Amino acid sequence: MLVHDRDAALLAGLLSGLARRRLPLVVLALVAWGLACLGAGIALERSGAWEEVVLPAALKNVRLPVHAVRGWLSDPEELVLDLDHEAYQRLAFQREQALAAGVLSAGEDDFVPAAIRIGEGRVRAAVRLKGDRLDHLEGSKWSLRVRVKGGETVLGMRQFSLQHPGLRSYADEWLFHRALAREDVLGLRYRFVSVILNGRRLGVYALEEHLDRTLVEHQRRREGVIVRFDETLNWVHLSTDGADSFARAAVDPFHGEEVAAREELAAQFRTAHTLLEGYRQGRLSASQVFDVERLARFYALTDLLGAGHAARWANQRFYYNPVTARL
């Protein structure tokens, strides 16, 4: 305490002397700030906090200004989406219907033809409105589901979604999927692009991979079906204040027509259905149904990164691994 009292008395004496000399207030304030920082530095050094806390934090974040400047100067890759007048009007009409109903109910018949240009490539595609809640349809940045045609891909993907970055908490969702990939848990390719729709610049969108064979192949897994609990009843109950529909939700595969047409995939779906239904009814344990180590990593990351949205039953998707016979 004596040492600290002596330092404080020294600083007070210096400030008093500067004040008596009637220096301009701005200069006096700057000097006072500098001396205060010096005093704080001395105190941190003596307490050991400088080496244990301040210096490691400074070294870890020293490149933050560089990254910030690079972010300001960079431009996301441009994705140009062209729809003819009739196709655009169909989307606009579907949006008006959703706004009137309070929820979007979109299906296969709602896709309209489109063309996509990114870089030097141009591909044919089909698009529809995407999202259940109306925040996906606010303003001019409507959320879209995109399906590339003719066996082509865009950025290595056959299907993906475009949506306002704020709907996925901006960079938080990108970080979440990067964390999943680091822990070898199936996630989605996720990036940001600048979208131009029919010549109109709509700004930055989040591009999110959809669930199909390319997702599994990209992450070096054997081809296997992806299943989910059908969330249709969930939305019906939400709009009518009904009970939770988890117990009655059907187990469905993605790309059901392709699964039904290929016996290998159809057999996988039957097994995946049995596993998931057995777990829901309590007949099978978690270790009999899931890759529990990866499932634990998934839940740990959703908790750590505040990504609880991904853990809700209506949002969960399960890949059946034919090698391990687990989800």
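Preceding block: the structure.
Values in this document were obtained by computation on a predicted structure and should not be read as measured data.

A.B. asks: In this structure, what is going on with the overall build of the chain? I would like to understand it.
C.D. replies: Summing up its helical and strand segments, the chain has twelve helices and ten strands in all. Residues classed as buried in the chain amount to 35% of the 327 residues present. The contacts of the chain with a sequence gap of at least 6 include a subset with a gap of at least 24, amounting to 60%.

A.B. asks: What is the right way to read a nonpolar patch on the surface from this model?
C.D. replies: There is a patch of nonpolar side chains on the surface, built from Trp174, Leu175, Leu304 and Leu305 and spanning about 380 Å² of accessible area. Note on placement: Leu304 falls in helix H12 (residues 292-304). Overall, Leu304 belongs to the exposed group, its relative accessible area being 67%.

A.B. asks: So what exactly am I meant to see when it comes to the packing of helix H6 (residues 171-182) against H12 here?
C.D. replies: Describing two packed helices takes the angle between their axes plus the distance from one axis to the other. Where H6 meets H12, the axes come as close as 10 Å, and the angle between the chain directions of the two elements is 150°. Here H6 lies roughly antiparallel to H12, going by the angle between them. In this structure, H6 crosses over H12, and the sense of that crossing is right-handed. Each of Phe176, Ala179 and Leu180 in H6 lies in contact with H12, whose residues at this interface are Phe298, Leu301 and Thr302. Split into classes, the residues belonging to the contact of H6 with H12 amount to five nonpolar, one polar and no charged.

A.B. asks: Is there a simple way to think about the packing of aromatic side chains in this case?
C.D. replies: Describing an aromatic ring pair means giving the distance of the ring centres and the angle of the ring planes. Taken as a whole and assessed by the stated rule, the structure comprises eight aromatic pairs. Relative to Trp142, the ring of Tyr88 has its centre 5.7 Å away and its plane inclined at 20°; by these criteria the two rings are stacked. Remark: Trp142 occurs in the loop between strand S3 (121-129) and strand S4 (144-148) and Tyr88 occurs in helix H5 (residues 85-101); sequence separation between them is 54 residues. Since its relative accessible area comes to 25%, Tyr88 is described here as partly exposed. We classify Trp142 as buried; its relative accessible area is 9%. The residue whose ring lies beneath Arg147 is Phe111, and the NZ or CZ to ring-centre distance is 4.3 Å. Positioned above the aromatic ring of Phe254, the side-chain terminus of Arg228 is 4.7 Å from the ring centre.

A.B. asks: How do you make sense of the environment of Glu78 when you look at a structure like this?
C.D. replies: Relative to the elements of secondary structure, Glu78 occurs in strand S1 (residues 77-82). Note on Glu78: relative accessible area 35%, which makes it partly exposed. Taking C-alpha positions, Glu78 is 5.8 Å from Val193, a pair spaced 115 residues apart along the chain. Beyond its immediate stretch of four places on either side in the chain, Glu78 contacts Arg117, Ile118, Gly119, Ser194, Ile196 and Arg201. Here the side chain of Glu78 touches Arg201 through a polar contact of 2.8 Å, side chain to side chain.

What counts, and where the lines are drawn
- Residues numbered from 1 in each chain as written.
- Predicted model: local features only at pLDDT ≥ 70, side-chain atom pairs only at ≥ 80, totals over all residues.
- Heavy atoms only, no water.
- Helix = DSSP H or I, 4+ residues; strand = E, 2+ residues; numbered from the N terminus.
- Buried < 20%, exposed > 50% of the residue type's maximum accessible area, 1.4 Å probe, protein only.
- Contact = heavy atoms within 4.5 Å.
- Patch = residues over 30% accessible without salt bridge, like charges linked within 9 Å, V, L, I, M, F, W, Y side chains within 5 Å.
- Areas by Shrake-Rupley, 256 points an atom, 1.4 Å probe, with all protein chains shown as cover.
- Salt bridge = Lys/Arg side-chain N within 4 Å of Asp/Glu carboxyl O.
- Axes fitted to C-alpha atoms, helices over the stretch in contact; angles between N-to-C directions.
- Parallel < 35°, antiparallel > 145°, perpendicular 65-115°, else oblique.
- Left-handed = near helix turned anticlockwise from the far one by under 90°.
- Nonpolar A, V, L, I, M, F, W, Y, C, P; charged D, E, K, R; others polar.
- Phe/Tyr/Trp six-rings, centres within 6.5 Å; stacked < 30°, edge-to-face > 60°.
- Lys NZ or Arg CZ within 6 Å of the ring centre and 35° of its normal.
- Polar contact = N/O pair within 3.5 Å; in protein donor to acceptor, adjacent residues only side chain to side chain.

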